[in-house]
Each structure stands twice: as structure tokens, then as C-alpha cells.
Amino acid sequence: MSIEVIVGLPHLGEGPILARARSLRQAALISANCLSRWSEKRGWREWIGWRLRHLANADGLAALCLDSAGFVATARYGGFPWSLPDYVALAAAYPFRWWASADYCVEAEIVRDREVVIDRISRTIRANRDCRRLAEDHDIGATLMPVIQGRLPEDYGRCVDALWMAMKPGALIGVGSMCRRPVHGPEGLIAVIDHLDQILPVGVRLHVFGAKGEVLPFLLPFSHRVASIDSQAYGIGARQSARKAGVSKTDRFVAQHLEDWVGAQHDRLSRRPRRLPSIAHLSIDVTPSDSWEAAIAQARAEIRALIESGDLDHDELTFPWIEQ
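Residues numbered from 1 in each chain as written. Predicted model: local features only at pLDDT ≥ 70, side-chain atom pairs only at ≥ 80, totals over all residues. Heavy atoms only, no water.

Trainee: So what exactly am I meant to see when it comes to the overall build of the protein chain here?
Mentor: In terms of regular secondary structure, the protein chain is built from eleven helices and eleven strands. When each of the 324 residues of the protein chain is scored for burial, the buried share is 52%. In the protein chain, 69% of the contacts between residues at least 6 apart in sequence involve partners at least 24 apart. Accessible surface for the protein chain amounts to roughly 15600 Å². Of this, 51% is attributable to carbon and sulfur atoms. (Helix = DSSP H or I, 4+ residues; strand = E, 2+ residues; numbered from the N terminus. Buried < 20%, exposed > 50% of the residue type's maximum accessible area, 1.4 Å probe, protein only. Contact = heavy atoms within 4.5 Å. Areas by Shrake-Rupley, 256 points an atom, 1.4 Å probe, with all protein chains shown as cover.)

Structure, rendered in C-alpha cells:
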């Protein structure tokens, strides 16, 4: 089996970037944020819906996939500015090859506290379940791609256990919080993929969000498990090259970097597979010794259970309740 390279697009506006993606016959990925409409009529920036007419520009692409923009939404807005029904309605507005469940990323840039990481995993589990329910209402459940989250390999295993009914042969599962992760180490990208390879049923395959180009030779031993990766790294490369050359970063300039980047990824995929040595997985013991901290931990666990069960919303503000 081969690993597919999916090109992340900054927008669906007609122009050199979109035209180059069409000519390369590469599947593409678009972020929900890139299709957002905003207004400042009331004195602040407010999300007001989707630019659905831009979806017509996707005609001619080999395929188009949709990402929920979890990292961007958290980093820029502090959370999703749209509701899950809004997002699923967008997913239903175009025949996407797949659309990713909403998820709560846990990159170090977003969250450093271990307890908050675990909280966000529970919210990811609930968001997956809510997206599944809404997808069935729109009859697009077949194209929904569940997304699992974590910092440690075992965190992803917890998501797998909670969403086990979706882990069927032939299913595609998205692996989040990957693009800023090192390749090596006990929390590295390969450690996560190796752990998932060991615990997932045969026939379940993975999409690795934002995998760096240099990781591809290390992913090749897992080509039976990894179906695809995506990246928009060519855009960063284009910005750096334009600055160095003292020229404008036009869409035509970016389009050429896109083509060069795609060629480089296919070259990496043709190289000899590289396998990292097995690494013992980290396990963090967070059992508190102080009775007050133990009570706090119990409250957190109860709130996470309520979120995962649906008794609390996936985006419920729960911090003030913990000490109460």
C-alpha cells in the first residue's frame, strides 16, 4: 500500500494555487476557517456563516477533504466560533471525500497542563460522538472521519477505546496534534503511530494531520496502516524563500513551491523505509497524595465523564465547577 500526499490549500479562490493543485491531480484539504464569513458591523469581528459559493471552485480537483480547523480556532479565537451543527451543515454542502470530526488539539502551544490535556481528550471524544449524530441527520455519516487526540501514545489509545464502535475494518481515522510533534522520542510521531498500529483492528487506516516531509521514510514501514498525510508546509517555504530573495510572495510564486513540495514528498516516498528502534511508552502517574488535590482530581474525572456521556456539552465551561 502507498501513502497518499494530500495538499493543504490556503483557500479555494480561483488563481494559480488552485490551478496548480488541479493540474497535479492531487487530493486537497481545506480548513473550515478558510470558508468562514466574518462581519464587524456590530463593532467586533463576528462569525456569520460560510462562503459556500467558493466550493464550486473545487471542481476539477482530484478530491477535496474538509478539516474542522481545531488548532486555528483555538489559537486565534479561543475555541470554535461556529457550532457543531454549523460545521456539519458545511460538510453536507459539498461531496467531500471525507470530512474530519471536530476535535480539541493538545499541542504544547495550546496547552501545557496535563490535566487540561486530559480534559480536551474528553471533549474530543464528545465532539466525535456529536458529529456522528449530526452526520446521520444529514446522511453524510459514510464520509465522516473520526479524529483522535493526545499527547502520549496512551492518550490516543483512550480515544480509540471510547470510539471503538467506529474502529471497523475499512475505517479511516484522523490522528491530530501531529504537525508540531518531533519524529523521535517516547512522545514522537512514530511512537504514536507504532502504538496505534498495535492496538487498532486490522483494516483500520490512519490519516496523519500535518506530518512533516522528513517523517515520510519513517512512516513507510507503517504503510499498511497510514493511508495519507496532509501539509501546507510549502506555504511556509514560499514565505521564507520570498523573504530571502527579496520578492513578493505572490500566488504564482506559492504555486511553484506547491509543485516542488509535492515532487519532494513523492521522492521521499520512493526511498528505502527507515524504522526507528522500539521505544518504551511513557506513562504519567498523576495520582495526588494531598486529600484536597485528590478531591479536585475526582471532580475533574466526574466532569469528564459527564462530557463524554453527553450530559454536558463538548464546549461547556467547567473550570468554575471543579472547586465547587
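Trainee: Sorry if this is basic, but what is going on with the layout of surface pockets here?
Mentor: Rolled over the atoms, a probe as big as a water molecule pinpoints where empty space is left. Estimates place the volume of the largest pocket at around 1300 Å³. Listed by contribution, the elements that provide at least two residues to the lining of the largest pocket are strand 1 (4-9), strand 2 (28-31), strand 3 (36-39), helix 2 (70-77), strand 11 (226-231), helix 8 (233-245) and helix 9 (251-269). Tallied by class, the residues present in the lining of the largest pocket amount to 22 nonpolar, 13 polar and twelve charged. (1 Å grid on protein atoms, 1.4 Å probe; cavity = no way out; pocket = protein on both sides within 12 Å on 5 of 7 lines; lining within 4 Å. Points joined across faces, edges and corners; volume = space filled by probe spheres on them. Nonpolar A, V, L, I, M, F, W, Y, C, P; charged D, E, K, R; others polar.)

Trainee: In this structure, what is going on with the pairing of strand 2? I would like to understand it.
Mentor: Consecutive residues of a regular strand have side chains that alternate between opposite faces of the sheet. Residues Ala28 and Ile30 point to one face of strand 2 and Leu29 and Ser31 to the other, with burial holding for every one of them. Relative to strand 2, strand 1 runs parallel, the two sharing three bridges. Counted as the bridge partner of Leu9 is Ile30 from strand 2. Between strand 1 and its parallel partner strand 2, the chain crosses via helix 1 (residues 16-24), and the hand of that crossover is right-handed. Here strand 2 pairs with strand 5 (residues 64-67) via four bridges, running parallel. In the sheet register, Ala28 faces strand 5, and the bridge partner there is Leu64. (Pairing = 2+ DSSP bridges. Right-handed = clockwise from strand over helix to strand, strands pointing away.)

Trainee: Can you walk me through the packing of helix 4 (residues 114-138) against helix 5 (residues 153-162) in this structure?
Mentor: When two helices pack together, you describe them by how their axes are tilted relative to each other and by the distance separating the axes. Direction vectors running N to C along helix 4 and helix 5 enclose 30°, while the axes themselves pass 10 Å from each other. Taken together, the axes of helix 4 and helix 5 are roughly parallel relative to one another. Of the two possible hands of crossing, helix 4 and helix 5 adopt the one that is right-handed. Along the contact surface, helix 4 presents Arg114, Val117, Ile118, Ile121, Ser122, Ile125 and Arg129, while helix 5 presents Asp155, Arg158, Cys159 and Ala162. Its residues placed into classes, the contact of helix 4 with helix 5 shows six nonpolar, one polar and four charged. (Axes fitted to C-alpha atoms, helices over the stretch in contact; angles between N-to-C directions. Parallel < 35°, antiparallel > 145°, perpendicular 65-115°, else oblique. Left-handed = near helix turned anticlockwise from the far one by under 90°.)

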